[in-house]
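Chains, contacts and geometry: an overview
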Amino acid sequence: MVDPAEIRSAFHNFVGDERYRKFVSMVPLATDGTRLRFWQEHAWESFTAEHPQFTLDFAGIVELFRICHLHGNPLTQRLVPVQHGCVDFAPEYWQTRNEFHPCSPLPFISTEGRDIAETELPIWFCAECEQIELSRQRQT
Ligand SMILES: [Zn+2]
């Protein structure tokens, strides 16, 4: 069994800092994703061509990179309520979020027109991002 941290670190070295963060941030955090973006697949295939011992299927890649792209922590799962309708957060919120706590948990999932029967759904979040968001909220 290969150490996940070893694979991540080898991949990080292979693609470089910027692409690595982008790659990790775009690995689907929800369970409904079925494949990576084309450029991600390409990056992963080039990597495993040189490191065939690290070959993984989609599920394996998602599990490996279910980490915060800012802090590197493994993400935790939590159930949040499903809210029907569309919810718009202020653009400033997304700006702050992307910069300081990209993986903090949203308080709910909005259906955005999708037909979702569940009243609660699991989300993935970074505990460190959550702490940062909470302490920023206390300051304002
Ligand atoms: Zn984080």
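Provided above is the structure to which this section pertains.
Here's a quick rundown of the structure. (Residues numbered from 1 in each chain as written. Predicted model: local features only at pLDDT ≥ 70, side-chain atom pairs only at ≥ 80, totals over all residues. Heavy atoms only, no water.)

This paragraph deals with the sheet that holds strand E1 (residues 76-83). Taking strand neighbours across the sheet as the criterion, the three strands line up as E2-E1-E3 in an open arrangement whose pairing is mixed. The sheet is open, and its two edges are formed by strand E2 (109-110) and strand E3 (120-125), each paired on a single side. As defined by bridge partners, E1 adjoins E2 across two bridges and the pair is classed as parallel. For valine 82, the partnering residue across the bridge sits in E2 and is isoleucine 109. (Pairing = 2+ DSSP bridges. Helix = DSSP H or I, 4+ residues; strand = E, 2+ residues; numbered from the N terminus.)

What follows covers the packing of aromatic side chains. Applying the stated criterion to the full structure yields 16 aromatic pairs. Arranged with centres 6.1 Å apart and planes meeting at 15°, the rings of phenylalanine 89 and phenylalanine 108 form a pair that is stacked. Of this pair, phenylalanine 89 sits in the loop between E1 and helix H5 (91-100) while phenylalanine 108 sits in the loop between H5 and E2, and the two are 19 residues apart along the sequence. The class of phenylalanine 89 is partly exposed, set by a relative accessible area of 26%. Judged by relative accessible area, which is 18%, phenylalanine 108 ranks as buried. Aromatic rings pair up to connect Phe11, Phe14, Tyr20, Phe23, Trp39, Trp44, Phe47, Phe54 and Phe65 into one cluster. Its guanidinium or amino end placed over the ring of tryptophan 39, lysine 22 lies 5.0 Å from that ring's centre, counting from NZ or CZ. Over the ring of phenylalanine 100 we find arginine 136; its NZ or CZ atom is 4.0 Å from the centre of that ring. (Phe/Tyr/Trp six-rings, centres within 6.5 Å; stacked < 30°, edge-to-face > 60°. Buried < 20%, exposed > 50% of the residue type's maximum accessible area, 1.4 Å probe, protein only. Lys NZ or Arg CZ within 6 Å of the ring centre and 35° of its normal.)

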